[in-house]
Amino acid sequence: MEIDIELSESMEKWADSVEFQESYNLLLSDVIIIVSYSNDLSFIESVLQDISVNKSITEYVKDLEYGQSKHFNFVLNNKLKEIIIVSAGNKNAITKSDVEKLGGYIYPQIETNNAKVAIVNNIETIDLEDAAASITSGIILKSWTFDKYFTKKNTCKVQSITCVTNYVKPNEYRYKTLLSIDDCVLNVRSMVTEPANVMNSEKIKDIAKDLKEIGVEVRIIDQKEMAKMGMNALLGVNKGSDNPPYTIVMEYINGEDDGNIIALVGKGVTFDAGGICLKPANRMSEMKGDMTGAAVVLNTIKSLALQKSKVNVIGAIGLVENVISSSAQRPGDVVQAMSGTTIEVDNTDAEGRLVLADVLWHVQERYGPKVVIDFATLTGAIQVALGHEFAGYMSNSDELSQHLEKASRNVGEKLWRLPLHNSYEPDIKSEIADIKNVGCGRGAGSITAAMFLQHFIKKATKWAHIDIAATEWDSKDRALSQKGATGFGVRLMNEFIKNFFSR
Ligand code: BES
Ligand code: MG
Ligand code: ZN
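Residues numbered from 1 in each chain as written. Chains lettered and ligands numbered in written order. Predicted model: local features only at pLDDT ≥ 70, side-chain atom pairs only at ≥ 80, totals over all residues. Heavy atoms only, no water.

1. Things to note about the coordination of the zinc ion (ligand 3)
Octahedral six-donor coordination of a metal ideally yields angles of 90 or 180 degrees, compared with 109.5 degrees for tetrahedral four-donor coordination. Heads up, the condition is: Coordinating N, O and S atoms are those within 2.8 Å of the metal (3.2 Å for Na, K and Ca), and as water is not part of the atoms, a site may appear to have fewer donors than expected. Under the classification used here, a metal with four donors is tetrahedral if each angle lies between 85 and 135 degrees, square planar if opposite donors are over 155 degrees apart and the others between 65 and 115, a six-donor metal meeting that same test is octahedral, and anything else is irregular.
The zinc ion (ligand 3) binds to the protein through Lys267 (NZ), Asp272 (OD), Asp290 (OD) and Glu351 (OE); the donor distances cover 2.0 to 2.4 Å. The site at the zinc ion (ligand 3) holds six donor atoms, and with the angles between them running 78 to 173 degrees, its shape is octahedral. If you list the donors of the zinc ion (ligand 3) from N- to C-terminus, the spacing comes out as K-x4-D-x17-D-x60-E. Between the two metals, the zinc ion (ligand 3) and the magnesium ion (ligand 2), the spacing is 3.2 Å, and Asp272 donates to both.

2. Focus on the coordination of the magnesium ion (ligand 2)
Our working definition: Each residue is assigned to one of three classes by its accessible area relative to the maximum for its type, calculated with a 1.4 Å probe on protein chains only: buried under 20%, partly exposed between the two thresholds, exposed over 50%.
Here the magnesium ion (ligand 2) is held by the protein donor atoms Asp272 (OD), Asp349 (O), Asp349 (OD) and Glu351 (OE), which lie 2.1 to 2.2 Å from it. Bound by six donor atoms, the magnesium ion (ligand 2) shows angles of 71 to 168 degrees at the metal and therefore irregular coordination geometry. Counting along the primary sequence, the residues that act as donors to the magnesium ion (ligand 2) give the motif D-x76-D-x1-E. Assessed through its relative accessible area of 3%, Asp272 is described here as buried. When its relative accessible area of 22% is taken as the criterion, Asp349 is described as partly exposed.

3. Quick word on the packing of aromatic side chains
Stated formally: Centres within 6.5 Å are what make two rings of Phe, Tyr or Trp a pair, Trp counting through its six-membered ring; a difference in plane orientation under 30 degrees is then read as stacked, over 60 as edge-to-face, and the rest as tilted. To qualify as a helix, a DSSP run of H or I must reach at least 4 residues; to qualify as a strand, a run of E must reach at least 2; elements of each kind are numbered from the N terminus. Here, a charge over a ring is recorded when the distance from Lys NZ or Arg CZ to the ring centre is within 6 Å and its angle to the ring normal is within 35 degrees.
The final tally for this structure, using the stated rule, is nine aromatic pairs. Between Tyr60 and Phe72, the ring centres sit 6.4 Å apart and the planes meet at 50 degrees, which makes this aromatic pair tilted. Pair noted here: Tyr60 is in the loop between α2 (41-50) and β3 (69-76) and Phe72 is in strand β3, with a separation of twelve residues, a long-range link. For Tyr60, a relative accessible area of 54% puts it in the exposed group. Centre to centre, the rings of Phe146 and Tyr149 are 5.9 Å apart; their planes meet at 50 degrees, and the pair counts as tilted. For Tyr149, a relative accessible area of 45% puts it in the partly exposed group. Connected via pairs of aromatic rings, a cluster forms that spans Trp144, Phe146 and Tyr149. Across from the ring centre of Phe390, 5.5 Å away, lies the NZ or CZ of Lys414, which sits over that ring. It is Lys458 that lies over the ring of Trp361; its NZ or CZ is 4.8 Å from the centre.

4. Description of the domain arrangement of the protein chain
The condition that has to hold: Where each domain begins and ends follows an automated or database-derived domain assignment. We call two residues contacting when some pair of their heavy atoms lies within 4.5 Å. Two parts lose some accessible area (1.4 Å probe) when they are put together, and adding that loss for both gives the buried area. Note on definitions: salt bridges are taken to be side-chain nitrogens of Lys or Arg within 4 Å of carboxyl oxygens of Asp or Glu. Polar contacts, as used here, are pairs of N or O atoms within 3.5 Å; protein pairs need one atom able to donate a hydrogen and one able to accept it. Residues neighboring in sequence count only if both atoms are side-chain atoms. Each residue gets one label: Ala, Val, Leu, Ile, Met, Phe, Trp, Tyr, Cys and Pro are nonpolar, Asp, Glu, Lys and Arg are charged, and the others, such as Gly, are polar.
As assigned here, the protein chain comprises domain 1 (9-186) and domain 2 (194-473). The C-alpha centroid of domain 2 is placed 38 Å from the C-alpha centroid of domain 1. Across the boundary between the two partners, domain 1 contributes nine residues, which contact eleven residues of domain 2. Summing the contributions of domain 1 and of domain 2, the shared interface buries around 800 Å²; its carbon and sulfur component is 54%. The largest contributions to the domain 1 side of the interface with domain 2 come from Ser97, Tyr149 and Cys184, which together make up 48% of the buried area. Remark: the boundary between domain 1 and domain 2 carries one salt bridge. Glu194 is the partner of Lys148 in a salt bridge, and the nearest nitrogen-oxygen pair spans 2.4 Å. Linking domain 1 to domain 2 there are three residue pairs in polar contact (both at pLDDT 80 or more). A per-element tally of the side of domain 1 that touches domain 2 places helix α5 (residues 172-193) first, with five residues. Split by residue class, the side of domain 1 that touches domain 2 holds five nonpolar, three polar and one charged.

5. Observations regarding the nonpolar core
What counts here: Take the buried Ala, Val, Leu, Ile, Met, Phe, Trp, Tyr and Cys residues and link them wherever side-chain atoms come within 4.5 Å; each set so joined is a nonpolar core.
Ile33, Val35, Ile110, Ile161, Met250, Ile373 and Phe496 are the most contacted members of the largest nonpolar core, which totals 94 residues. The two domains that each donate at least three residues to this core are domain 1 (9-186) and domain 2 (194-473). Ignoring sequence-local partners within four residues, the contact set of Val35 consists of Phe43, Val86, Ala88, Leu102, Ile106, Ile119, Val120, Asn121, Asn122, Ile123 and Ile135. Residues Met226, Leu360, Ile428 and Phe452 belong to the second largest nonpolar core, which totals 47 residues.

6. Regarding the site of ligand 1
Heads up, the condition is: Think of it this way: one heavy atom of a residue within 4 Å of a molecule or strand is enough to make that residue near it.
Taken together, 15 residues surround ligand 1, and among them Asp272, Lys279, Asp349, Glu351 and Gly380 come closest. Measuring from a nitrogen atom of ligand 1, one finds a backbone N or O atom of Leu378 at 3.4 Å. When the residues that make up the shell around ligand 1 are grouped by side-chain class, the tally is four nonpolar, four polar and seven charged.

7. Overview of the pattern of salt bridges
Considering all chains together, one arrives at 21 salt bridges under this definition. Across the pair Asp333 and Arg330 runs a salt bridge, and its minimum N-O distance is 3.3 Å. Given the relative accessible area of 18%, Asp333 is considered buried. If you follow the salt bridges from partner to partner, you end up with Glu389, Lys414, Asp474, Lys476 and Arg478 in one network.

See below:
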């Protein structure tokens, strides 16, 4: 079969430097990595025997726990060789996402060597074909850094990776698919890391437009048209900015014509200074990442289109900038959203929900999707509740929640459901309009934000709001990313959508 999944230049480079061999002389490599269950010493011994290394070193690795590793050196023909034994933990407990993370643990141990690396593994409890590919994917995700603006680049030094698969080669189509999804994850990270003077609404519009080339219908709704449509909640947020606001809808319709449509909605605040309710200067720069939801939605659509998935998915993003000028929206202003609901803007820094309100309403009106999922860096409160480990989500559907959590477990992007309950409704009651855009300061900031959004969700729509404010970025290294942007969400949505349309 012809495999024509398009990869970016940097991903092509990776694809070229990784090869899969069913049998291979390990001694041709400088670094030999043995990924093995701790309780399968015989596998490690057999590999060591192949390269004539004393088996007794297994003594030092039998107690390793999942993700831990030990290094050994030996000299062959005057050349120093390295063996790294990495534990995959217990045979019964390991999942595909655990295997991928092992790649993430391996990468820092090889990144500075200008080396030829060989990897052997005995993971057969997940899909046989996929273990080597998953390890590779973990290595690639972990290796990403953003060095565009350094005049001196610190490029990855690994020469080549040979994955020795004792069983079968990975299915090339599936492998390429995996890489194309990873590519889109890394693209989210780039978009999020780019400063706001570069990644502004025009730039994101241009990136979205490019999706036309891979079979996505792209509708660009500009300020004038949004005003006609009555998207005043969104437009109010951009009033202080000289950058034009856009709503961009990406239609990827390639599945059965059975009325099953999923809509993904993303918050695209290209910079969130807080507006007149100005944020403190300390770490305000991080608010260049307030368009992560939009980047996740755009790149999920891109990844589906690259794979030519047989699915029907609409991606919609609202692009604005929340900054100050004399024309900026004021605290206390009242706007009427496209749905007709009136909103008191009690706090100009709670802008994301104002943007989402109109974009959510528009996609429901126009496409009647069965399922709507929105991604937004919506509240600082979600970090207080869950830290950087779990994204918080709220949903009006138990069924949708179950599907989301299943996908979440499969890819290792963790989700935790918080209540969406009427008892929080009085919190957003306004004295002057239908609702106001912040709670009464009694806590539950992430939930009251979702309660607000629910006003713009139709009864028949199964909806989930995923607050990624704390999972999109981490100040420390994670299993599959270095400190900084994570790209959380693209893998989750690929898995969810694939499962949804193959039910
Ligand atoms: N974009 C922020 C939320 C955020 C905070 C994202 C930290 C990433 C890291 C959002 O627009 C915001 O400012 N939310 C306010 C809401 C409050 C005014 C009710 C917040 O969380 O403080
Ligand atoms: Mg804000
Ligand atoms: Zn924001």
